[in-house]
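Remarks on the overall topology
Read off the chains here:
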Amino acid sequence: MSRLAAAIAVAVLLLAACGEAAPTADANTGIRGVVTLGPTCPVEQPGQAPCVTPYAAKLVITAESDGAVVARVTSAADGTFEVLVPPGDYVIAPEPGGDPFPVGQPVAVHVDAGAFSEVEVSYDTGIR
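The following paragraphs examine the structure supplied in this document. (Residues numbered from 1 in each chain as written. Predicted model: local features only at pLDDT ≥ 70, side-chain atom pairs only at ≥ 80, totals over all residues. Heavy atoms only, no water.)

**A word on the sheet that holds strand β3 (residues 58-63)**
Sheet strands pair via backbone hydrogen bonds, and the direction of the pair is either parallel or antiparallel. Let me state the cut-off plainly: A pair of strands is labelled paired if DSSP reports no fewer than 2 bridges between them. Starting at the N terminus, helices and strands are each numbered in turn, a helix being any DSSP run of H or I of at least four residues and a strand any DSSP run of E of at least two. For helices, the fitted axis covers only the stretch in contact; all axes are lines through C-alpha atoms, and the angles between them, taken along N-to-C directions, range from 0 to 180 degrees.
Strand order across the open sheet formed by 4 strands is β4-β3-β6-β8, with antiparallel pairing between neighbours. Edge positions in the sheet fall to β4 (69-74) and β8 (107-111), since each has one partner strand and no second. Between one strand axis and the next, the sheet turns by 25° as a mean value, whatever way the strands run. With 5 bridges connecting them, β3 and β4 associate as antiparallel partners. The residue of β4 that forms the bridge with L59 is V73.

Here it is as structure tokens:
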């Protein structure tokens, strides 16, 4: 019986060694960005700074190839966020902020090995 258990253990180890490991992110590869909310004033004047403010939001990062969820992140009160992901192509899907506003638009992003891709995610307040 113990020989059978040993043979099974060896077979499992051999099969595991043949499998391809999923890529993992390192501390120098990922997505970094800021989330903004705007407009925050009813009328923007020419020459005036844009009426936007940082926004704390929930973001879902999915693989562009198959839509699999890779990560979830919440931006800080100042709108900034950072998430480690392996190199590849992703879509940042902002979760709805309310009903119906604010609403964010998805952002496509490419991540290279050993680098952070910088993005801006914008939420629309609906103010016009």
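**A few points about the pairing of strand β5 (residues 80-84)**
Threshold: Only protein chains enter the accessibility calculation, which uses a 1.4 Å probe; a residue is then buried when its area is under 20% of its type maximum, exposed when over 50%, and partly exposed in between.
The two faces of β5 differ: F81 and V83 on one face are buried, but T80, E82 and L84 on the other face are not. Direction of pairing for strand β1 (residues 30-38) relative to β5: antiparallel, over a ladder of 5 bridges. Following the sheet pairing, G33 is matched in β5 by F81.

**A short note on the state of the cysteines**
Threshold: Cysteine sulfur pairs qualify as disulfides if the two atoms are within 2.5 Å.
Counted by the stated rule, this structure contains 1 disulfide. Here C41 engages in a disulfide with C51; their sulfurs sit 1.7 Å apart. Judged by the sign of its S-S torsion, about 75°, the cystine formed by C41 and C51 is right-handed. Taken together, the residues C41 in the loop between β1 and β2 (53-54) and C51 in the loop between β1 and β2 connect sequence positions 10 residues apart. With relative accessibility at 7%, the residue C51 sits in the buried group.

**Remarks on the nonpolar core**
As a reminder, the rule being used: Think of a nonpolar core as a cluster: buried Ala, Val, Leu, Ile, Met, Phe, Trp, Tyr and Cys residues, connected wherever their side-chain atoms sit within 4.5 Å. Note on contacts: a residue pair qualifies if any of its non-hydrogen atoms lie within 4.5 Å across the two residues.
Within the largest apolar cluster, 20 residues are counted, with the highest numbers of intra-cluster contacts made by I31, F81 and I92. Of all the secondary-structure elements, those providing two or more residues to this core are β1, β3, β4, β5, β6 (88-94), β8 and β9 (116-124). In this structure I31 touches I61, F81, E82, V83, V85, Y90, I92, V109, V111, F116, S117 and V119, once residues within four positions along its chain are discounted.

By themselves, these figures tell us nothing about what the structure is for.
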